[in-house]
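Summary of the model geometry
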Amino acid sequence: MSELSSDIGIGGMSCASCVARVERAIAKTPGVESVSVNLATESARVIWASSASKEDTHTQQARLSRAVRDAGYEPRVVQHLEQMPEGPWVGFMPVAMGLLLSAPLVLPMLGDLLGKHWMLPALWQFLLATPVQFVLGARFYKAGWHALLAGSGNMDVLVALGTTAGWALSVWLWLTAPAGHMVHLYFEGSAVVITLVLLGKWLEARAKRQTTDAIRALHALRPARVRVITQAGEVDLPIAELLVGDHMVTLPGERFAADGVVTEGQTQVDEAMLTGEPLPVYKAVQSHVTGGSINGDGRVIVRVTATGTATVLANIIRWVENAQAAKAPIQRMVDQVSALFVPAVLLLALLTLLAWWFSGHSFEVSMIHSVAVLVIACPCALGLATPAAVMAGTGVAAKHGILIKDAHALELAHKVDTVAFDKTGTLTLGQLRLLFLLAVSDDEVSSAPFAAASLLHAPRNALPVAMRDVEQSLLCLAASLQSGIEHPLAHAVVQAAKAQGLLLAAPQDVQAVPGLGSEGTVHGRQLLLGSLGWMSTFALDLGVWQARAQALQAQGATLSVLAERTPQGLVALAVLAFGDEPKPGVQEALVKLRARGLRLVMISGDNFGAAHAMAARLGLHADEVHAEVMPSDKAAWVQALQNNPNGSPHVLAFVGDGINDAPALSAADVGFAMANLNVDGQRGGTDVAMQAAGITLMRGDVSLVAAALDISSRTVAKIRQNLFWAFVYNAAGIPLAALGYLSPVVAGAAMALSSVSVISNALLLKRWKP
C-alpha cells in the first residue's frame, strides 16, 4: 500500500446499493482522489491526492470516519484477519433468538398440512412477532433510515418496508376484527422473513471468512517469539523486538521468524506455503531463508536481513490483501446498475399493490403481494458476486505461489493471446558460467578456465583447471570491476575468480551502463567490460580473435570483452564467453502454453547467435526471437507486439525477473514477475520487477504462467456465473412475486439463499490446483 493510501472498515453495509452510497460519500471528502469500497471485506481503500500528503494520518482517518458516519454507516478500524473472531457459531445469537420466537408462529402452517388447527391466539402472535420485528430487526430500520436520509435506498429499506407493512397489516386486521372472530394474520410472514434474512447474513459472513482462509493461513505463518543470540546467550524475545542484524536461532520444525542469511548450520526448508513448491529446499551457509518457512532437520543460526513489513511474507500478505480490496472493472458496472435497482423495486412494489387492489382484490391480498416483491428483490447477490470470486481466486492462487496484486490483472489475464518472455533468468537458469577466457594479447589460443567438451552442454559441476598467470591476472581485473554489479554476467565472473582463489581489489568510480556493460578503475587502470556491440561503438579491433568470437557466438555463447583505456585508445585485453542452461521443465511449459492457442515470443538483450541457439533448445521458432534488444527498448517491443493490423490489439503478457524488465512489465497488459533468487540467495533486482508486475510467480517455474492464466479464466467464469444467477434470480423472482405466486416467507427464503449460493459458488475455487 502506498503512503498516499489508507483503509477504513465500514459496518452496516448490506448490498451493492450501500457500496455505491459509501463511495459517493467518501469521494466528496477533501483530498480524496479515488475510492474503492468492497462489500465482501466490508472495507474501503482510499487513494489520496498528493496535496493531501501534507495532512497527518489522524486527520485523514477522521475525515473518512466522518464521511462514513454521515452516510449512515459505522466507521471501524480495519482488523487484521488473525485478530478477527473465528468459529462456526460467531454471531449466531440473533439468528437463534429469531428461530426460537418464529418457530411457534410457523407451527400452524405445518398443522394445516396435517389437517390440524394449531393457530395461536392473536395476542400470542403479536407478542412473539413484535420483538423479532423491532428488536432483532432494528438493524434494518437504522440502516434503512440513514439510507433514506441520504436520498437513496438499499436492501435494508426493502426489508424494513416489507416486513413493517406485513406486521402493521396484521395489527390492523386484529384490532378491527369483529369480537370473537378468528381472522388470518400475517405476523409469521414478517417474523420469518426477518429471521431468514438474519440467517442468510450469518451464513454469508461465515462463507466470506472462508474466502480469506489463504490469507489467514499466511498470517498464521509468523511465529510470536524468536530466540536471539546476545552477549548473555540465547534470549527468547517477542517477534516485535527482532532487529535487522540480529542472529536468530531456529530449531528443527520451527518457523523462521524473519528473512535472513544462514551463518551457521545446514538444513532442509519447507517453503510450500510461500512458493507452492512441495519439495524441501536445501539451505547452507550464505543461503537466504524466508520468514514463515519451516526449518527441517537442522539447527541453524540466521542473520536477520528484514523484519516486520519489509519481509517477503509481509509483502505477500499486503499484495494479496490489496488485490482483494481492489474493485474489478466489471464490478463498477454492477454498482451502477444497483444504484438504480432499489428505487425501481419500490416503484414496482407500489404498482403491484395498486394493480391487485384496482383489479378487485382486497387491500389485504394486494399488500401481501406487494410485500413479497419488496422482500425478494434484494441486490445483495449482485454486490457479492464479483468480490467473493476475486477473494477466493486470489486466495487459492497465493496458496500455490501465484500472487495476483490487483483485480484488473486477474480479470484481464484470461484474455491474453500473446506471451513474451525475457530470456536470462526467466527461460534459462540465469546462473551463467564463465566457460572461456581468451587473452587477446596472446599469439595462440589460451586455455579455458572451465573444462568443457562442448560449449552448449558443459556439465554444471565443471571444475576449474590450471590457468596461466596472464589469464588469472585478467580474470582478477574483470572480477574486481564486476564485484559491485548486480547482473548474472557479473556474478559469473566473480564466482569464477573465487573458484580460482583470487583476491579481488576494490573498484573505484564504477558505472553500470544498462544492457551494455560497466566501466570503472581497478589498480589505477581504467577498464570497460561489456558486450561486443558496445565495444564496436568504440571501433575496438579484436584482430585474429574476431573469427573465434563469432564462432563462439554461433554455438550459443554470450560474449563480453574486457578492454582498457590507454593514451593510444581503447585496447582489448580479453574475450569472456558465458554459457547458460534452460530451466528444468521449461520446454514442457511452453508446449502447454502453445496448446492454449497462445503466441510465444522471446525478447533478449543477448547476441543473435546466443539467443537463437537457446531458442532452438527451447522449441521456439526463429521468427519468435528478438535479440540484442536494449532494456530501454523492451517496452517499445511490447507495444509493437500488441499492435494487430488485422483487428483488435493483442492482449500481451510479459514475463521477466529483473530490474531491466520493469519497463516491459509495466507496458504489458499483464506483467508476470518471477521471484528468482540470485546466486547469493537474495532476490536482487526481482523486487523491482515484482513492483512493476500485476502478477508475481513466487518460484521461477514457467509452468506457473499457464497456471495463472488458468486461475484467471476460472475466476472470471465464477464472476460471470454469479452475476448471471443474481440477475436471473431477480428477473424471475420479482415477476413471480408480483403475480402472486410467491408468499413473503418463500420470498425471504429465496433472498437469503441467493446470497449464500453466490458465495458458495465462489468457494468452489478453493478446490483449484495448478
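Treat the numbers as computed from the prediction; the structure is a model and nothing was measured.

Thresholds, definitions, all that
Residues numbered from 1 in each chain as written. Predicted model: local features only at pLDDT ≥ 70, side-chain atom pairs only at ≥ 80, totals over all residues. Heavy atoms only, no water. Helix = DSSP H or I, 4+ residues; strand = E, 2+ residues; numbered from the N terminus. Buried < 20%, exposed > 50% of the residue type's maximum accessible area, 1.4 Å probe, protein only. Phe/Tyr/Trp six-rings, centres within 6.5 Å; stacked < 30°, edge-to-face > 60°. Expected span 1.5 Å × (residues − 1). Arc of directions from axis to C-beta. Pairing = 2+ DSSP bridges. Axes fitted to C-alpha atoms, helices over the stretch in contact; angles between N-to-C directions. Contact = heavy atoms within 4.5 Å. Core = buried A, V, L, I, M, F, W, Y, C linked by side-chain atoms within 4.5 Å. pLDDT = per-residue confidence, 0-100. Bend = angle between axes of the 7 residues up to and from the residue. Parallel < 35°, antiparallel > 145°, perpendicular 65-115°, else oblique. Left-handed = near helix turned anticlockwise from the far one by under 90°. Nonpolar A, V, L, I, M, F, W, Y, C, P; charged D, E, K, R; others polar.

So, about the environment of Leu158. Relative to the helices and strands, Leu158 is located in helix 6 (residues 155-176). Since its relative accessible area comes to 1%, Leu158 is described here as buried. A sequence separation of 419 residues divides Leu158 from Ala577, and the C-alpha atoms of the two residues are 75 Å apart.

The next thing to look at is the packing of aromatic side chains. Taken as a whole and judged by the stated rule, the model has ten aromatic pairs. Relative to Tyr141, the ring of Phe134 has its centre 5.7 Å away and its plane inclined at 20 degrees; by these criteria the two rings are stacked. We classify Phe134 as partly exposed; its relative accessible area is 36%. Ring plane angle 70 degrees and centroid distance 5.7 Å describe the contact between Trp534 and Phe538, whose orientation is recorded as edge-to-face. What makes Trp534 buried here is its relative accessible area of 8%. One aromatic cluster in this structure is built from Phe126, Phe134, Tyr141, Trp167, Trp174 and Phe187.

With that settled, consider helix 2 (residues 57-70). Helix length check: helix 2 (14 residues) gives 20 Å between terminal C-alpha atoms against 20 Å at 1.5 Å per residue, within 8%. Within helix 2 the residues assigned to the buried category are Gln60, Leu64, Ala67 and Val68. Projection of helix 2 onto a plane perpendicular to its axis shows the buried side chains occupying an angular sector of 100 degrees, all on one side. Exposed positions of helix 2 whose direction lies more than 90 degrees from the buried face are His58, Arg66, Arg69 and Asp70. Gly72 occupies a position one or two residues after helix 2 and carries a positive phi of about 100 degrees.

The next point concerns the sheet that holds strand 4 (residues 74-76). Ordered by their spatial adjacency, four strands build an open sheet running 2-3-1-4, and the pairing between neighbours is antiparallel. Each edge of the open sheet is held by one strand with a lone partner, namely strand 2 (32-38) and strand 4. Strand after strand, the sheet turns through a mean of 30 degrees between neighbouring axes, direction not considered. For strand 2 and strand 3 (residues 43-48), the ladder comprises six bridges, and the chain directions are antiparallel. Bridged to Val32 within strand 3 is Trp48.

Glancing now at the sheet that holds strand 16 (residues 433-439). Pairing between the strands of a sheet comes from backbone hydrogen bonds, and it takes one of two forms, parallel or antiparallel. The six strands lie next to each other as 16-21-20-19-18-17, forming an open sheet whose pairing is antiparallel. The sheet terminates laterally at strand 16 and strand 17 (508-513), the two strands that pair on one side only. Geometrically, the sheet is characterised by an average inter-axis angle of 20 degrees between neighbouring strands, direction not taken into account. The pairing of strand 19 (residues 525-530) with strand 20 (residues 558-566) spans four bridges and is classified as antiparallel. Note on strand 20: the bridge partner recorded for Leu529 is Leu562. Contacts from helix 16 (residues 488-499) reach strand 16, strand 20 and strand 21 (569-579) within the one sheet, and its direction differs from that of strand 21 by about 90 degrees.

Attention shifts here to the nonpolar core. If you look at the biggest cluster of nonpolar residues, it comprises 134 residues, and the most contacted ones within it are Ile402, Phe421, Leu590 and Ile695. The element best represented in this core is helix 24 (residues 703-738), accounting for 14 residues. Contact partners of Ile695, with chain neighbours within four places excluded, come to Ile402, Leu403, Ile404, Ala409, Ala413, Val670, Gly671, Phe672, Ala673 and Ala708. In terms of nonpolar packing, the next biggest core, distinct from the first, is built from 27 residues, Val312, Ile316, Ile317 and Met698 among them.

Glancing now at the confidence of the model for the protein chain. If pLDDT is low for a region, its predicted coordinates should not be looked at in detail. When pLDDT is averaged along the protein chain, the result is 84; 90% of the residues meet or exceed 70. Of the regions scoring below 50 in pLDDT, residues 443-465 engages in 55 contacts with residues more than four places distant in sequence or in other chains. Contacts of residues 677-685 to residues separated by more than four positions or lying in other chains number 22 contacts, the stretch itself having pLDDT below 50.

Moving on, we get to helix 11 (residues 329-358). Taking 1.5 Å per residue as the helical rise, helix 11 with its 30 residues ought to reach 44 Å, and the 44 Å between its terminal C-alpha atoms agrees with that figure. Where helix 11 bends most, the angle comes to about 30 degrees, and this point is Phe341, followed within four residues by the proline Pro343. What helix 11 keeps buried is the set Gln331, Val334, Asp335, Ser338, Phe341, Val342, Val345, Ala349, Thr352, Leu353 and Trp356. Where the residues of helix 11 are buried, they touch helix 1 (16-27), helix 6, helix 12 (363-376), helix 13 (380-399) and helix 24. Phi for Gly360, located one or two positions after helix 11, is positive at around 105 degrees.

Taken N-terminus to C-terminus, the directions of helix 6 and helix 12 make an angle of 160 degrees; their axes are 8 Å apart at the nearest point. Considering the angle they form, helix 6 stands roughly antiparallel to helix 12. Of the two possible hands of crossing, helix 6 and helix 12 adopt the one that is left-handed. Listed contacts from helix 12 to Leu158, Leu161, Gly162, Ala165, Gly166, Leu169 and Leu173 of helix 6 are Glu364, Met367, Ile368, Val371 and Leu374. Within the contact of helix 6 with helix 12, the residues separate by chemical class into nine nonpolar, two polar and one charged.

Its place among the elements puts Thr352 in helix 11. Here Thr352 falls in the buried class, since its relative accessible area comes to 5%. Setting aside chain neighbours within four positions, we find Thr352 in contact with His369, Ser370, Val373 and Ala738.

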